[in-house]
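Chain by chain, the residues run as shown.
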Amino acid sequence: MATRIDRAQVADTALRLLNDVGLEGLTLRRIAKELDVQAPALYWHFKNKQELLDEVATEMMRRMAGPMRSGDGGTWQECVAVGAREMRRFLLRYRDGAKVFGGTRFTDGTYAGPLEGTLRTLVDAGFSTQAAARAWFTVQTYTMGYVMEEQSVHPVPGGPRDPEFEPEQRAKRLDGRHPLSFEAGEELFGDLDAGFEAGLTAVIAGVEATLV
């Protein structure tokens, strides 16, 4: 008897495989093998890899929606900071997590719950709806971009740093001709947690200065 699968099973399997194979290796054929079905069975649910990634990103949103709401009830600065930190924490759990999540289209309205809460906090604090949307979009894209760079430095969650980002390799490439660029590397690729918080503080300060 043929195994029956649904979109949720496929998305869950894709997320489980992601840390092993990364985005490049996450193919419909590989997922079908994991589910012990023939690849054509997946094409019943997804026409191509992009449709699969849209569903995977939506599943990621479902899983992070609750924690992202934990900043509700504080100041608007606390609200958007909590949302950004939770998004970063979640995306870092998955190899290429930011690449999978960014640039996709959600397949249901799960995203609207946490978004509505964040926008309400901002509007209640004096933002127009348009400014509130721009504020959160700015914080969100900063977060995804930062995580994408982080995952270049540490490609596998909890794994070692890519040797190309070690000071010795950077010094060899720069060959002493760009001392400021070499010095900047410690700030950019050293303490990634501190770097994220410093950038987040700067982004929120910019939002406050220009959008409230």
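Basis of the calculations
- Residues numbered from 1 in each chain as written.
- Predicted model: local features only at pLDDT ≥ 70, side-chain atom pairs only at ≥ 80, totals over all residues.
- Heavy atoms only, no water.
- Salt bridge = Lys/Arg side-chain N within 4 Å of Asp/Glu carboxyl O.
- Buried < 20%, exposed > 50% of the residue type's maximum accessible area, 1.4 Å probe, protein only.
- Axes fitted to C-alpha atoms, helices over the stretch in contact; angles between N-to-C directions.
- Helix = DSSP H or I, 4+ residues; strand = E, 2+ residues; numbered from the N terminus.
- Parallel < 35°, antiparallel > 145°, perpendicular 65-115°, else oblique.
- Left-handed = near helix turned anticlockwise from the far one by under 90°.
- Contact = heavy atoms within 4.5 Å.
- Nonpolar A, V, L, I, M, F, W, Y, C, P; charged D, E, K, R; others polar.
- Polar contact = N/O pair within 3.5 Å; in protein donor to acceptor, adjacent residues only side chain to side chain.
- Core = buried A, V, L, I, M, F, W, Y, C linked by side-chain atoms within 4.5 Å.
- Phe/Tyr/Trp six-rings, centres within 6.5 Å; stacked < 30°, edge-to-face > 60°.

- The protein has the name TetR/AcrR family transcriptional regulator C-terminal domain-containing protein in an unreviewed UniProt entry, where Streptomyces morookaense is given as its organism.

**Quick notes on the pattern of salt bridges**
Working step 1: If you walk through the whole model with that rule in mind, you get 15 salt bridges.
Working step 2: For E164, the salt bridge identified is with R173, shortest N-O distance 2.8 Å.
Working step 3: A residue is classified by how much of its surface remains accessible, and E164, at 38% relative accessible area, is partly exposed.
Working step 4: The exposure class of R173 is partly exposed, given its relative accessible area of 45%.
Working step 5: Three or more residues are tied together by salt bridges with common partners; here these are R7, D12, R16, R30, E34, E55, E59, R62, R63 and D108.

**Some thoughts on the packing of helix α4 (residues 49–68) against helix α5 (residues 76–91)**
Working step 1: It is the contact of α4 with α5, at a shortest axis distance of 9 Å, that shows an interaxial angle of 140°. Comparing their axes, α5 and α4 come out oblique. Here α4 and α5 pass one another in a crossing that is right-handed. Taken together, the residues of α5 that come into contact with α4 (itself represented by M60, R63, M64, P67 and M68) are V82, G83, E86, M87, R89, F90 and L91.
Working step 2: Split by residue class, the contact of α4 with α5 holds eight nonpolar, one polar and three charged.

**So, the side chain of T58**
Working step 1: Looking at the element boundaries, T58 is found in helix α4.
Working step 2: Polar side-chain contacts of T58 include one of 2.8 Å to the backbone nitrogen of T107.

**Thoughts on the packing of helix α7 (residues 112–124) against helix α8 (residues 129–153)**
Working step 1: Contact geometry for α7 and α8: axes closest at 9 Å, N-to-C directions at 125°. With respect to each other, α7 and α8 are oriented oblique. Crossing of α7 against α8: the hand is right-handed. Packed against α7, whose contacting residues are L115, T118, L119, L122 and V123, the element α8 presents T129, A132, A133, A135 and W136 at the interface.

**A look at the nonpolar core**
Working step 1: Counting 57 residues, the largest nonpolar core has I31, L42, M60, M64, L91 and F101 as its most contacted members.
Working step 2: Counting residues per element, this core draws most heavily on α8, at ten residues.
Working step 3: Among all residues touching F101, those that are not within four sequence positions of it are A57, M60, M61, M64, M87, L91, F106 and M144.

**As for unusual backbone geometry**
Working step 1: A positive phi is found at D36, a non-glycine position, where the angle reads about 60°.
Working step 2: Turning to its location among the elements, D36 is positioned in the loop between α2 (28–35) and α3 (39–43).
Working step 3: Classification of D36 by relative accessible area gives exposed; the value is 65%.
Working step 4: Positive phi values are uncommon outside glycine, yet D96 reaches one of about 60°.
Working step 5: Tracing the backbone through its elements, the reader meets D96 in the loop between α5 and α6 (97–101).
Working step 6: When its relative accessible area of 17% is taken as the criterion, D96 is described as buried.

**Overview of the packing of aromatic side chains**
Working step 1: For the structure shown, the criterion picks out eight aromatic pairs.
Working step 2: An angle of 75° between the planes, with centres 5.0 Å apart, marks the rings of W76 and F127 as edge-to-face. Placement of the pair is W76 in helix α5 and F127 in the loop between α7 and α8, with a sequence separation of 51 residues. F127 matches W76 in its accessibility class, with the two residues each being buried.
Working step 3: Judged by centre distance (5.5 Å) and plane angle (20°), the rings of Y142 and F196 are stacked. On the criterion of sequence distance, the pair formed by Y142 in helix α8 and F196 in helix α11 (residues 192–210) is long-range, its members being 54 residues apart.
Working step 4: Taken together through their ring pairs, the aromatic side chains of F101, F106 and Y111 make up a single cluster.

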